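# Geometric and topological summary
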Amino acid sequence: MKQLRSKHNINASGTDMPDPITDFSQLVTEYKVHERLVSKLLQQGYTEPTPIQMQIWPLMLRGREILASAPTGSGKTAAFLLPMIHQLKSPRALGFRALVVSPTRELAEQTYRECSVLCEDTGLKVHLIDKVDKVISKFGPGSSQKFDILITTPNRLVFILMAEETMINLSNIEWLIVDECDRLFEGGKRGFKGQLSTIYMACSGLKVKRALFSATQSQNLHNWCRDNLSDLAHVNVGPRNTASQDVEQELVFCGDESGKIHALRNIFRKGYEPPCLVFVQTKERARQLFYELMHDGVMVDAIHADRTQKQRETCVQAFRAKKIWVLICTELMSRGIDFKGVNLVINYDFPPSKVSYIHRIGRTGRAQQKGKAVTFWTLQDQRLLQSISQTISKSGSSVPEWMKQLRRLAPEEKRVKQQKRDRGFVSEGAKFTKHEQEKRKKHQLSKKLTQLRLTGEGSSEKSEMLKAKLYKVIDNQKKTQENEIKQLDRKDERKKRKREKKDAKNPKKNFKKKKTE
Ligand SMILES: Nc1ncnc2c1ncn2[C@@H]1O[C@H](COP(=O)(O)OP(=O)(O)OP(=O)(O)O)[C@@H](O)[C@H]1O
């Protein structure tokens, strides 16, 4: 068994580890998984289990609690869905018995689709939470309780759990799965460790088992699982925190920010095989780049948090249907999303960390297919270059030797570097309107003020100065808005006068029109 594990790069630790399985038929013969369920895998064209599935299926089918990591695109979703569905067996009208938590709505929808296919002949009902106001009627205490699997984002679920009246009952949950679990320990807005404890408490039944999955793992996460999960089985496929070896990676030096748009046009001019994903740092830059490429005649769209849910869904669907060739996106789409056949990922803006790099480029080179990733860098990105170039080198692509020799960042420096740097405009032509510039300035000032308050650093004079600046920007914003309204009024007035003049010149037509009215 040791040989088998080492052949597939499986590292498994914990007590009483079951042997990996190498054939789908073992699911039926050894673990009594229904043939109907296994046939769903075959129908999708899968011929054998991927390494993570080889080890996770026997573990989960024995009801073990798990922390697992495997490269991007290596089939972790089916690894947790199959045993989860097998153990629920058939509908029991007990309400939700399995819960999958995914960090973004897009990923939750993707998992929902995959789960629905696997559940097709089981009668099990899978749900996403669409509208919070419908939750109580659909899933509340007075409902039929004929639903089995819930797939959701933590934000939405926590909002429901914190409501005064009981909207949803999670006490019958048997499997709690956390996908992209290392997001738990990411700092800032995107981390959801606090939210997860609320969810844990709500899954209060005695039968509950937990399994956490991701392509990357931090030591903090590992320690936390060791302390909180019972009889933990820890599975890693391949070395920890490495990029997929199926992705050919390249670093392209662009000099400064203005060089990037030329480098991008160059790639498109030379010819590329769509679909292609382009990652940028902020939604503003996504918007700017979108207009630039649209003017170039590229079939492009952009997806970021400022777009409505409907727009995001339409955009993802159009990209999947290959109606869009280039999709510009922010970090929102960096994790878990499985677009079939993405050939090229471009990091237009340098990723803020090694973990982000691994997830971003993992949108290509999935399910044993080959892919390519190009990362633009400028002089200002030099400090993070060392860790990214090491990652590229470890996964088999070549980088110049001098890059690997660059000085490593101290943890404190890393933290500072990971904060978003203001990269300005994508190009000269992409400058903001006055209104947008003020909005941006206001945002930056209030962010600085909050930082000052939180850290307690800086004199009160400094914060007074910032406040004064902020008030000035707010005043200007009001004036700009008033001016915009006045301009619109003037435009309307001009139009009206023009129409009246035209009518006066053509009284007959005017008379007819009035008569018909
Ligand atoms: N046994 C298998 N054989 C072939 N393809 C598979 C198998 N299992 C899953 N796949 C396919 O591999 C692709 C990637 O799977 P999945 O999205 O589960 O990856 P992942 O490991 O969760 O990636 P990420 O870390 O990016 O979330 C999917 O298109 C899926 O259909």
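So, here's what we can say about the structure. (Residues numbered from 1 in each chain as written. Predicted model: local features only at pLDDT ≥ 70, side-chain atom pairs only at ≥ 80, totals over all residues. Heavy atoms only, no water.)

On to a positive patch on the surface. Taken together, the side chains of K486, R490, K491, R494, K495, K496, R497, R499, K501 and K505 present a region of like positive charge at the surface. Its place among the elements puts R499 in helix α19 (residues 460-505). (Patch = residues over 30% accessible without salt bridge, like charges linked within 9 Å, V, L, I, M, F, W, Y side chains within 5 Å. Areas by Shrake-Rupley, 256 points an atom, 1.4 Å probe, with all protein chains shown as cover. Salt bridge = Lys/Arg side-chain N within 4 Å of Asp/Glu carboxyl O. Lys, Arg positive; Asp, Glu negative; His and termini not counted. Charge placed at Lys NZ, Arg CZ, Asp CG, Glu CD. Helix = DSSP H or I, 4+ residues; strand = E, 2+ residues; numbered from the N terminus.)

Let's shift gears to the pattern of salt bridges. Applying the stated criterion across every chain yields a total of 27 salt bridges. The shortest N-O distance in the salt bridge between K207 and E174 comes to 3.9 Å. Placement of the pair is K207 in the loop between α9 (193-202) and β7 (209-214) and E174 in the loop between α8 (154-161) and β6 (175-179), with a sequence separation of 33 residues. Across the salt bridge formed by E401 and K404, the nearest N and O atoms sit 3.2 Å from each other. Taken together, the residues E401 and K404, both in helix α16 (residues 401-404) and three residues apart, mark about one turn of the helix.

At their nearest, the axes of α8 and α9 sit 10 Å apart, and the two run at 55° to each other. The angle between α8 and α9 places the two elements in the oblique class. Considering how the two elements wind past one another, α8 and α9 form a crossing that is left-handed. Contacts between α8 and α9 involve P154, N155, L157, V158 and L161 from the former and Q195, T198, I199 and A202 from the latter. (Axes fitted to C-alpha atoms, helices over the stretch in contact; angles between N-to-C directions. Parallel < 35°, antiparallel > 145°, perpendicular 65-115°, else oblique. Left-handed = near helix turned anticlockwise from the far one by under 90°. Contact = heavy atoms within 4.5 Å.)

Turning our eyes to something else, we now look at the site of the ligand. By nearness alone, 19 residues border the ligand, and Y46, G73, K76, T77 and D338 come closest of all. In the model, an oxygen atom of the ligand is placed 2.9 Å from a nitrogen or oxygen of the K340 side chain. A total of 650 Å² of accessible area belongs to the ligand in isolation, and the protein chains cover 93% of it. Of the residues that constitute the shell around the ligand, the class distribution is four nonpolar, eight polar and seven charged. Each of two domains, domain 1 (2-237) and domain 2 (247-431), supplies a minimum of three residues to the shell around the ligand. (Near = heavy atom within 4 Å. Polar contact = N/O pair within 3.5 Å; in protein donor to acceptor, adjacent residues only side chain to side chain. Nonpolar A, V, L, I, M, F, W, Y, C, P; charged D, E, K, R; others polar. Domains from an automatic or database assignment.)

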